[in-house]
Amino acid sequence: MTTTTTTTTTAPSANGRVVALAFFAGRAVLEGVLTRHGITYHQSVTLRAVVTAGGSLGREELVADVNGSLKTDESVVRGVVDELTAAKLLEADPTDTSRLRLTDTGRGLDATTSAESAEISARLYAGIPAEDLAVAGRVLTLVTERANAELAGA
């Protein structure tokens, strides 16, 4: 495996292009994992939203959550939810049919893809000092908040 390292003296300042390049490179690696398991990036984000919510989430809450993450048209998210339901990865919660829950298959798929992704993330972030990761996290959180505010004002 070839590893390319950029030193801090030659690294560019963080800007939209640098952030986008890192995001799309990481996403391409993740999509390799997801493709092997027969799901898309949007489906993975949607499954993860249900997992994060404790395994069950109202349909409208799920659509809003995923839409907030992916910044895509609501109809796209609704289509993804329908795909996951048709694939029996999500199902109506029998205790409250307005909610969707993970099926055993959906839970297993999420666990598998999350574990594989975590291994890759560990390699990608290996050797980066915790202080640098904390600064990057604070900066990216602030940029996200500002972008979300811009979108809300549009």
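Given the structure is predicted, the values throughout are model-derived calculations rather than measurements.

1. Points about helix 3 (residues 59–70)
So, point 1. If you check helix 3, its first and last C-alpha atoms are 16 Å apart, about what 12 residues at 1.5 Å a residue would give, namely 16 Å.
So, point 2. Of all the residues in helix 3, the buried ones are L62, V63, V66, N67 and L70. End-on view of helix 3: buried residues confined to an arc of 125 degrees, all on one side of the axis.
So, point 3. Looking at the buried residues of helix 3, the elements they touch are helix 2 (41–52), strand 1 (56–58), helix 4 (74–86), strand 2 (90–93) and strand 3 (96–102).
So, point 4. Once helix 3 ends, the next one or two residues include K71, with phi positive near 55 degrees.

2. With respect to a nonpolar patch on the surface
So, point 1. There is a patch of nonpolar side chains on the surface, built from L124, Y125, I128 and L133 and spanning about 360 Å² of accessible area.
So, point 2. As for its placement among the helices and strands, Y125 is situated in helix 5 (residues 104–125).

3. Quick look at the pattern of salt bridges
So, point 1. Applying the stated criterion across every chain, the model contains 9 salt bridges.
So, point 2. Between D82 and R59 there is a salt bridge; the shortest N-O distance is 3.6 Å. Highlighted residues: D82 in helix 4 and R59 in helix 3, separated in sequence by 23 residues.
So, point 3. By relative accessible area, which is 29% here, R59 ends up partly exposed.
So, point 4. Note that E74 and R78 form a salt bridge whose closest N and O atoms lie 3.2 Å from each other. Here E74 pairs with R78, and both are found in helix 4, just 4 residues apart, close to one helical turn.

4. A closer look at unusual backbone geometry
Leave glycine aside and you will find that most residues have negative phi; peptide bonds, for their part, are mostly trans.
So, point 1. Here K71, not a glycine, exhibits a phi torsion of approximately 55 degrees, which is positive.
So, point 2. Positionally, K71 belongs in the loop between helix 3 and helix 4.
So, point 3. If you check the backbone angles, K88 has positive phi at about 60 degrees while not being a glycine.
So, point 4. Along the chain, K88 falls in the loop between helix 4 and strand 2.

5. What to know about the packing of helix 2 against helix 4
So, point 1. Viewed as axis vectors pointing N to C, helix 2 and helix 4 meet at an angle of 80 degrees, and their least axial separation amounts to 10 Å. Regarding the angle of helix 2 to helix 4, the classification is roughly perpendicular. Across the interface between the two elements, H42, Q43, T46 and L47 of helix 2 pack against V76, V80, V81, E83 and L84 of helix 4.
So, point 2. Split into classes, the residues belonging to the contact of helix 2 with helix 4 amount to 5 nonpolar, 3 polar and 1 charged.

6. Some thoughts on the sheet that holds strand 2
So, point 1. Spatial strand order, 1-3-2: 3 strands in an open sheet with antiparallel pairing. Two strands in the sheet have a free side with no partner beyond their single neighbour: strand 1 and strand 2. Recorded for the sheet is a direction-independent mean angle of 40 degrees between the axes of neighbouring strands.
So, point 2. Inspection of the sheet shows strand 2 paired to strand 3 by 4 bridges, in the antiparallel sense. Residue A92 lies in a different strand from strand 3, and its bridge partner there is L100.

Procedures and definitions
- Residues numbered from 1 in each chain as written.
- Predicted model: local features only at pLDDT ≥ 70, side-chain atom pairs only at ≥ 80, totals over all residues.
- Heavy atoms only, no water.
- Helix = DSSP H or I, 4+ residues; strand = E, 2+ residues; numbered from the N terminus.
- Expected span 1.5 Å × (residues − 1).
- Buried < 20%, exposed > 50% of the residue type's maximum accessible area, 1.4 Å probe, protein only.
- Arc of directions from axis to C-beta.
- Contact = heavy atoms within 4.5 Å.
- Patch = residues over 30% accessible without salt bridge, like charges linked within 9 Å, V, L, I, M, F, W, Y side chains within 5 Å.
- Areas by Shrake-Rupley, 256 points an atom, 1.4 Å probe, with all protein chains shown as cover.
- Salt bridge = Lys/Arg side-chain N within 4 Å of Asp/Glu carboxyl O.
- Axes fitted to C-alpha atoms, helices over the stretch in contact; angles between N-to-C directions.
- Parallel < 35°, antiparallel > 145°, perpendicular 65-115°, else oblique.
- Nonpolar A, V, L, I, M, F, W, Y, C, P; charged D, E, K, R; others polar.
- Pairing = 2+ DSSP bridges.

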